[in-house]
Amino acid sequence: MYKFIFIVLLLSTADTTFAQFLPGARQISLANSDVANSNDVFALFNNPAGLAQMNWREAGVYYSPAPFGLSELANGYVAYHEPSDIGSFALGGMTYGFDLYRETKIILGYAYNFENKFFAGLSLNYQTTSIQNYGNDAAIFINAGGLVYLNEQIRLGFSFDNINRASIGNEKDQIPVILRSGLSYDITNFVTANISVEKDLKYNPSLQFGLEYEIIEYLILRSGFSNEPSRYSAGVGINYSMFSLDYAFFTHQDLGFTHQAGIIISFGREGTRTQMVRKNLGID
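Residues numbered from 1 in each chain as written. Predicted model: local features only at pLDDT ≥ 70, side-chain atom pairs only at ≥ 80, totals over all residues. Heavy atoms only, no water.

### What to know about the packing of aromatic side chains
- Going through the model one piece at a time under the given rule, you end up with 10 aromatic pairs.
- Relative to tyrosine 77, the ring of tyrosine 62 lies with its centre 6.1 Å away and its plane at 50°, an arrangement referred to as tilted. Taken as a pair, tyrosine 62 in strand β1 (residues 57–64) and tyrosine 77 in strand β2 (residues 75–84) lie far apart in primary sequence, 15 residues in all. Neither tyrosine 62 nor tyrosine 77 differs from the other in exposure class; each is buried.
- Against the face of phenylalanine 250 rests arginine 231, its NZ or CZ located 5.5 Å from the ring centre. (Phe/Tyr/Trp six-rings, centres within 6.5 Å; stacked < 30°, edge-to-face > 60°. Helix = DSSP H or I, 4+ residues; strand = E, 2+ residues; numbered from the N terminus. Buried < 20%, exposed > 50% of the residue type's maximum accessible area, 1.4 Å probe, protein only. Lys NZ or Arg CZ within 6 Å of the ring centre and 35° of its normal.)

Right, here's the structure in full:
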């Protein structure tokens, strides 16, 4: 009976049921303010242009089994990044929902580095949606992103989700059309501030802010907040050898707070992520 009621609620609010999650405990702890500071494998989902900053292979897994205690909101992501002489390639997947309502997605990404200052990326998404007793449907949509180094400390980034305005079924706008733009500023070699604005065509703009502090090579603290919806987040990153383990929690004004975690494996990376990106781009 509980699941029946839940699926009825989902169907009655069909225009808001689609997954609104972006992966990565690091990104969540920064209130998803990192559109100009996307430099790990989950950039495939957040801003594909950021992939071109990495010259090393990387794989990541992010899984949230029961956000806010609701297993019906379970979501999981995987992603892999492969650099090459002709650009960066990435492959990922996503699942969201439960047995009565399920979204899945396969995503292919490509990004290119122009003179270590300009970065552009595209991703091709194949998404399916299945609702028990109502059938299933699929759609293909394209995301794009860009990133520019204004100088060695300041970056400007943007992303545009669902450029072709694909939709599920016969209803319009069932897959969100979202624009993001923001700045990232390296206050020091160890402290980075991010600010961004996110606009879903259906909702009010959301202002997002995040701060990241590398205390030592192995430990990073993060915090962020946003409005629309009002949210506070924080987290910690632990780096050891090729492994990056990230934890985040964030609050929701109606649902309370929840915990998130993810892991990234970097092949051939030495030092912190910030150090390796700056070294790859020739920034002292």
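### A closer look at the pattern of salt bridges
- Enumeration according to the criterion identifies 10 salt bridges in this entry.
- Here arginine 26 and glutamate 212 are joined by a salt bridge, their closest N and O atoms 3.1 Å apart. With arginine 26 in helix α2 (residues 25–29) and glutamate 212 in strand β10 (residues 206–216), this pair connects stretches of sequence that are 186 residues apart. Neither residue differs from the other here; arginine 26 and glutamate 212 are each classed as buried.
- The partner of aspartate 186 in a salt bridge is arginine 278, and the shortest N-O contact between them spans 3.2 Å. Taken together, the residues span a long stretch of sequence, with aspartate 186 in strand β8 (residues 178–186) and arginine 278 in helix α4 (residues 273–280) at a distance of 92 residues. An identical accessibility class is assigned to aspartate 186 and arginine 278; each is buried.
- Shared partners join several salt bridges into a network, and the residues in it are Arg26, Asp40, Glu212, Arg222 and Asp246. (Salt bridge = Lys/Arg side-chain N within 4 Å of Asp/Glu carboxyl O.)

### Examining a nonpolar patch on the surface
- A cluster of nonpolar side chains, Leu91, Ile106, Leu108, Leu122, Leu124, Tyr126, Ile140, Ile142 and Ile163, forms an exposed patch at the surface whose accessible area comes to about 810 Å².
- Broken down by secondary-structure element, the contributors of at least two residues to the nonpolar patch are β4 (101–114), β5 (118–131) and β6 (135–149).
- It is β5 that provides the largest number of residues to the nonpolar patch, a total of three residues.
- You can see leucine 108 is positioned in strand β4.
- On the basis of relative accessible area, leucine 108 is assigned to the partly exposed category, the value being 48%. (Patch = residues over 30% accessible without salt bridge, like charges linked within 9 Å, V, L, I, M, F, W, Y side chains within 5 Å. Areas by Shrake-Rupley, 256 points an atom, 1.4 Å probe, with all protein chains shown as cover.)

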